[in-house]
Amino acid sequence: MTHAIVKRAVVVTGTDTGVGKTVFAAGLARALDGCYWKPVQAGIQGGTDSQAIARLSGLPTERILAEKWVLRRPLSPHHAAALEGVEINAETLNPPVVPRPLVIEGAGGVMVPLNRRRTYLDLFARWHLPVILCARTGLGTINHTLLSLAALRDRGVPVLGVALIGDEAAETQSIIAEMGRVRILGRLPRLERLNSVTLPAAFHQGFPMDGFRF
Ligand SMILES: Nc1ncnc2c1ncn2[C@@H]1O[C@H](COP(=O)(O)OP(=O)(O)OP(=O)(O)O)[C@@H](O)[C@H]1O
Ligand SMILES: C[C@H](N)[C@H](N)CCCCCC(=O)O
Ligand SMILES: [Mg+2]
């Protein structure tokens, strides 16, 4: 696989692990008719994020690119790697070149360590690709979202916007947009039935596509 900085790619990060990055990324990759890449998968029991993308996006499996690192334990990547006796080299971790829009998913939040010296934020700063920050709508998210935006901006990372996941929370949405000086790209509700039919429909309803010009 060729490695170089690609032109049409977007990074999906989040305020925390479990906020719904993979579900959002599946909807986005499908809406863009693009490709998906998870550089580092930590935790394989119950399936990988790439497998969830295959199931939820309905995209052909060849559009889901192989991870660079697959670590068994569901831990911070630096820790999961160390327990397997390896170290993730952040300097050589670059997006693959693909002929379609590429959706890249981090792990956990912005400052999750890849090794003892580098975090995802270091990667995002070096790649200088637009970033989408996924955030819950529930209580506690304002603080997490504003902190994550501050960290991204401090490193000069271009922020495309915030994708909200969960029940409607109008004031939360408004204060994040205002104090975070950020575009709210839309909101994906919690879906009772999550599959490759319900997700694209909900994504289409929740996110105007003009927010995804990159
Ligand atoms: N919109 C949604 N509707 C229903 N369930 C959801 C939705 N978003 C996320 N979930 C569920 O919440 C859980 C966590 O979501 P997800 O795996 O997307 O998180 P993540 O941010 O990608 O986590 P990680 O940091 O491990 O990559 C999963 O079980 C997923 O199916
Ligand atoms: C295991 C989990 N699902 C993710 N793959 C990794 C999340 C790392 C979070 C680290 C932390 O912020 O404490
Ligand atoms: Mg995920």
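The rules we used
- Residues numbered from 1 in each chain as written.
- Chains lettered and ligands numbered in written order.
- Predicted model: local features only at pLDDT ≥ 70, side-chain atom pairs only at ≥ 80, totals over all residues.
- Heavy atoms only, no water.
- UniProt positions renumbered as here; feature names shortened; annotations may be inferred.
- Pairing = 2+ DSSP bridges.
- Helix = DSSP H or I, 4+ residues; strand = E, 2+ residues; numbered from the N terminus.
- Donors = N, O, S within 2.8 Å, 3.2 Å for Na, K, Ca; no water.
- Buried < 20%, exposed > 50% of the residue type's maximum accessible area, 1.4 Å probe, protein only.
- 1 Å grid on protein atoms, 1.4 Å probe; cavity = no way out; pocket = protein on both sides within 12 Å on 5 of 7 lines; lining within 4 Å.
- Contact = heavy atoms within 4.5 Å.
- Phe/Tyr/Trp six-rings, centres within 6.5 Å; stacked < 30°, edge-to-face > 60°.
- Lys NZ or Arg CZ within 6 Å of the ring centre and 35° of its normal.

Going by the annotation in an unreviewed UniProt entry, the name recorded for the chain is ATP-dependent dethiobiotin synthetase BioD, with Paracoccus mangrovi given as the source organism. UniProt lists a comment for the chain under the heading Pathway (unreviewed entry), and it reads "Cofactor biosynthesis; biotin biosynthesis; biotin from 7,8-diaminononanoate: step 1/2." Under the UniProt heading Cofactor (unreviewed entry), the entry covering the chain gives this text: "Mg(2+)".

Engineer: Go over the sheet that holds strand S9 (residues 184–188) with me, naming the residues and quoting the values.
Structural biologist: Spatially, S4-S2-S6-S1-S7-S8-S9 is the arrangement adopted by the 7 strands of the open sheet, whose pairing is parallel. Because the sheet does not close on itself, it has two edges, and the strands there are strand S4 (64–65) and S9. Pairing of strand S8 (residues 159–165) with S9 involves 4 bridges; the strand directions are parallel. Pairing of valine 162 across the sheet is with isoleucine 184, part of S9.

Engineer: Hey, could you go over the coordination of the magnesium ion (ligand 3) for me, with residue numbers and the actual values?
Structural biologist: For the magnesium ion (ligand 3), every protein donor is listed as Thr22 (OG1), Asp49 (OD) and Glu105 (OE), and the spread of their distances is 2.0 to 2.1 Å. Of note, the donors binding the magnesium ion (ligand 3) are all from one chain and are spaced T-x26-D-x55-E. Highlighted residues: threonine 22 in helix H1 (residues 21–31) and glutamate 105 in strand S6 (residues 102–105), separated in sequence by 83 residues. Take threonine 22 and glutamate 105: they sit in the same class, and that class is buried.

Engineer: Could you give an account of the UniProt feature "binding site: Mg(2+)" (unreviewed entry) in the chain, naming the residues involved and the relevant values?
Structural biologist: Here the UniProt-annotated "binding site: Mg(2+)" (unreviewed entry) positions come out as Thr22, Asp49 and Glu105. A maximum C-alpha distance of 8.9 Å is found for the annotated residues, which run over 84 residues; spatially they form one tight group. For the largest pocket, the lining residues drawn from the annotated set are Thr22, Asp49 and Glu105. The contact partners of threonine 22, leaving out residues within four places of it in the chain, are Asp49, Ala52, Ile53 and Glu105.

Engineer: Could you give an account of the packing of aromatic side chains, with specific residues and numbers?
Structural biologist: For any two aromatic rings, the description comes down to two numbers: the centre-to-centre distance and the angle of the planes. Under the defined criterion, the tally for this structure stands at 9 aromatic pairs. With 5.2 Å between their ring centres and 70 degrees between their planes, phenylalanine 24 and phenylalanine 207 make a pair best called edge-to-face. Pair noted here: phenylalanine 24 is in helix H1 and phenylalanine 207 is in the segment after helix H7 (198–206), with a separation of 183 residues, a long-range link. Of the two residues examined, phenylalanine 24 and phenylalanine 207, each falls in the buried class. Residues phenylalanine 207 and phenylalanine 212 carry aromatic rings whose centres are separated by 6.0 Å and whose planes lie at 50 degrees to one another, so their mutual orientation is tilted. For phenylalanine 207, a relative accessible area of 1% corresponds to the buried category. Put simply, the rings of Phe24, Phe203, Phe207 and Phe212 pair up and form one aromatic cluster. Residue placement shows arginine 8 over the ring face of phenylalanine 214; its charged tip is 5.0 Å from the ring centre.

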